[in-house]
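Breakdown of the fold
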Amino acid sequence: MTMTQTILVRYDEIGLKGKNRPEFVRRLVENIRRVTGLSKDQVQIEWGRIYLHPSGDPKALCQRLSMVFGVKSFSVALVVPPELERMQDAVIEMARRAWARGARTFKIEARRSFKAFPLNSMELNRELGGAVLRALPELRVDVHRPDVTFEVEVRQEGVFLFSERLAGPGGLPVGITGRALLLLSGGIDSPVAGWMLMKRGVAVDAVYFHSPPYVGEKAKEKVLELGRVLARWRGEPITIYVPYFTEIQVEVSRCAPPPLWTILFRRFMHRVAERLAEANHYGALVTGESLGQVASQTMENLACVEAATRMLILRPLIGWDKAEIVRLAREIGTYEISILPHEDCCVLFAPRHPETRARLDRVEAIEARLDIPRLVGSALGRMEVFSVTETEISALSAV
Ligand code: ATP
Ligand code: MG
């Protein structure tokens, strides 16, 4: 008996306005095809649904789908023509599999959007349920708390039968809302911030400020490892810029009082990031800051850092508790990498008593002693650039 297996993908574009609406499905399909390698012919778009027709075992494909932003949920479905006997065969087949997995009670939930089909949903429930009970007399019906529910959708394009709805990550397809540059440290927060923006459809690349020899290569490798996880979620390679931050740190720590170091470092990071954004068309910078989490993240300090550039700064974690951030970091697979013990650049040049209420006029007065364009140039002049996929890290020539 031949029954095709199709993956039925559900999405939710409600709430999208304007030109993003038609773009949504186009972009979602493109992203699904990129990570699954399916051909155009294996993807079918119909009535608010996407159908995928894999050639082999759909398991690996399901794993990929669970990480594609824009996918709300999906099911592996058996597809048969709208004939009662074929539907009964299919539901019996599903019941056999469910029995083997340990299910003892079931329920049928039929829906009919193809109104020309002669049986209504009630009649279908009865006919299909009856067929299952005859074929597998040990199974019982339980309409309230069944071990397994067989959903049957009678549509014009075919009848779809499935017993599981697997969760996608939701959100918007990556690329639909623009491009942004994430300030990615080796910490817990910034990778989560990047993930959240990707979930809102932003194609996120990253910049990591590295200070050799004060900070070891291990710290950089850790950031590239985080990049691999982010690349997997993005579904395409991400670019990681690694400017040379040493000279800025040395110079600032020589000219400024220690309490202001962190603020000044941050302002330089933002300036360098702004230059990268201008050259590579990023619409915003993204940071992992959360209000009040550490001494440097007070409202005054955030304002003072923000004043260094004219960029839009996105801080998706601003109102989050550490525990919430950690929970999400675990879920998305960055936590285990983030907690590896490698110092990040600011720990080394960390003042004992950081300023918590930086004043812009004071900060600017100190910066007046520094040759800002030269320092920014030194960071970009010795920059490394990497292209990172989930499996590969390759060095690009410096930009
Ligand atoms: P994280 O866990 O992301 O490191 P954090 O709580 O340690 O954050 P800070 O060290 O104050 O916070 O850094 C605040 C933000 O500044 C980070 O979330 C990150 O976006 C950015 N940042 C800090 N250090 C670097 C760096 N070396 N390279 C790139 N971005 C950095
Ligand atoms: Mg940090």
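An account of the accompanying structure is given in this report.

About the thresholds
- Here the residue index of a chain counts from 1 through its sequence in written order.
- By the order in which they are written, chains take letters starting at A while ligands take numbers starting at 1.
- The predicted nature of this model means local features are confined to residues of pLDDT at least 70 and side-chain atom pairs, given and counted, to a pLDDT of 80 or more, with totals for whole chains, interfaces and linings taken over all residues.
- To obtain the side-chain values, all non-hydrogen atoms of the structure were used and water was disregarded.
- Paired rings are identified among Phe, Tyr and Trp, the last through its six-membered ring, by centres lying within 6.5 Å, and are further divided according to the angle between planes into stacked (under 30 degrees), edge-to-face (over 60) and tilted (the rest).
- Every helix listed is a DSSP run of H or I at least four residues long, and every strand listed is a run of E at least two residues long, numbered separately from the N terminus.
- For every residue, the accessible area (1.4 Å probe, protein chains only) is compared with the maximum for its type, and the residue is labelled buried under 20%, exposed over 50%, or partly exposed between those bounds.
- A positively charged side chain is recorded as over a ring if its NZ (Lys) or CZ (Arg) lies within 6 Å of the ring centre. The angle to the ring normal must also be within 35 degrees.
- Nonpolar core, defined: a set of buried Ala, Val, Leu, Ile, Met, Phe, Trp, Tyr and Cys residues in which side-chain atoms within 4.5 Å join the residues together.
- The contact criterion used throughout is that any non-hydrogen atoms of two residues lie within 4.5 Å.
- A single heavy atom is enough: if one lies within 4 Å of a molecule or strand, its residue is considered near that molecule or strand.
- Pairing of N or O atoms within 3.5 Å defines a polar contact, subject to two protein rules: one partner must be a possible hydrogen donor and the other a possible acceptor, and residues neighboring in sequence count only if both atoms are side-chain atoms.
- The method behind every accessible area is Shrake-Rupley, applied with a 1.4 Å probe, and residues are considered shielded solely by the protein chains displayed.
- Here the nonpolar group is Ala, Val, Leu, Ile, Met, Phe, Trp, Tyr, Cys and Pro; Asp, Glu, Lys and Arg are the charged ones; every other residue, Gly included, is treated as polar.
- Using only the protein atoms, space was sampled on a 1 Å grid; points where a 1.4 Å probe fits but cannot get out form cavities, open sets with protein on both sides within 12 Å along at least five of seven lines form pockets, and lining residues are those with an atom within 4 Å of a point.
- Grid points are joined across faces, edges and corners, and a volume is the space filled by probe spheres set on the points.
- Two distance rules govern patches: like charges are joined within 9 Å, and nonpolar side chains (Val, Leu, Ile, Met, Phe, Trp, Tyr) within 5 Å, applied only to residues with over 30% relative accessible area and no salt bridge.
- The term salt bridge refers to a side-chain nitrogen of Lys or Arg lying within 4 Å of a carboxyl oxygen of Asp or Glu.

Right, let's talk about the packing of aromatic side chains for a bit. Applying the stated rule across the entire model yields eleven aromatic pairs. Relative to phenylalanine 24, the ring of tyrosine 11 lies with its centre 5.6 Å away and its plane at 40°, an arrangement referred to as tilted. Separated by 13 residues along the polypeptide, tyrosine 11 in strand E1 (residues 4–11) and phenylalanine 24 in helix H1 (residues 20–36) bring together distant segments of the chain. Take phenylalanine 24: its relative accessible area is 0%, and that puts it in the buried class. Members of the aromatic cluster, connected to one another through ring pairs, are Phe209, Tyr214, Phe245, Phe265 and Phe349. The lysine or arginine in question, arginine 271, covers the ring of phenylalanine 268, its NZ or CZ lying 4.9 Å from the ring centre. The ring of tyrosine 244 carries the charged tip of arginine 382 above its face, separated from the ring centre by 3.9 Å.

Generally speaking, soluble globular proteins have nonpolar side chains that are buried together. Core analysis: the biggest nonpolar cluster contains 42 residues, and Leu182, Leu184, Trp195, Trp233 and Ile240 have the highest contact counts within it. With eight residues, helix H6 (residues 217–234) is the single largest residue contributor to this core. Those residues within four positions of leucine 184 in sequence are excluded, and the remaining contacts are Ser190, Pro191, Ala206, Val207, Tyr208, Val223, Leu226, Leu230 and Ile240.

The next thing to look at is the site of ligand 1. The local shell around ligand 1 holds 20 residues, among which Leu183, Ser185, Asp189, Ser190 and Gln293 are the closest. Between ligand 1 and the protein, one listed contact pairs an oxygen atom with a side-chain N or O atom of aspartate 189 at 2.6 Å. Contact between ligand 1 and serine 190: an oxygen atom at 2.7 Å from a main-chain N or O atom of the residue. Protein chains bury 92% of the 570 Å² of accessible surface belonging to ligand 1 in isolation. The set of elements that each furnish at least two residues to the shell around ligand 1 consists of helix H5 (189–199) and helix H8 (261–280). When the residues that make up the shell around ligand 1 are grouped by side-chain class, the tally is nine nonpolar, eight polar and three charged.

This part takes up empty space enclosed by the protein. Taken as a whole and judged by the stated rule, the model has three cavities of 30 Å³ or more. What lines the largest cavity is simply Asn31, Val35, Arg64, Met67, Val68, Phe69, Val174, Arg232, Trp233, Arg234 and Gly235. Counting residues per element, the ones that place at least two in the lining of the largest cavity are H1 and H6. If you tally residues by element for the lining of the largest cavity, the top one is H6, at three residues.

To continue, consider the layout of surface pockets. When its volume is computed, the second largest pocket comes out at roughly 230 Å³. Taken together, 14 residues form the lining of the second largest pocket, with Val76, Arg97, Arg101, Ser163 and Glu164 sitting closest to its centre. Mapped onto the lining of the second largest pocket, the elements with two or more residues apiece are strand E4 (71–80), helix H3 (84–100) and strand E8 (158–162). Of all the elements, E4 adds the most residues to the lining of the second largest pocket, at four residues. Of the residues contributing to the lining of the second largest pocket, the split by class is eight nonpolar, three polar and three charged.

This brings us to the environment of arginine 330. With respect to the secondary-structure elements, arginine 330 resides in helix H10 (residues 322–332). Along the backbone, arginine 330 and isoleucine 188 are 142 residues apart, and their C-alpha atoms lie at a distance of 9.6 Å.

On the surface, a nonpolar cluster with roughly 230 Å² of combined accessible area is contributed by Leu133, Val141 and Val143. On the secondary structure map, valine 141 appears in strand E6 (residues 140–141). Owing to a relative accessible area of 44%, valine 141 belongs among the partly exposed residues under this scheme.

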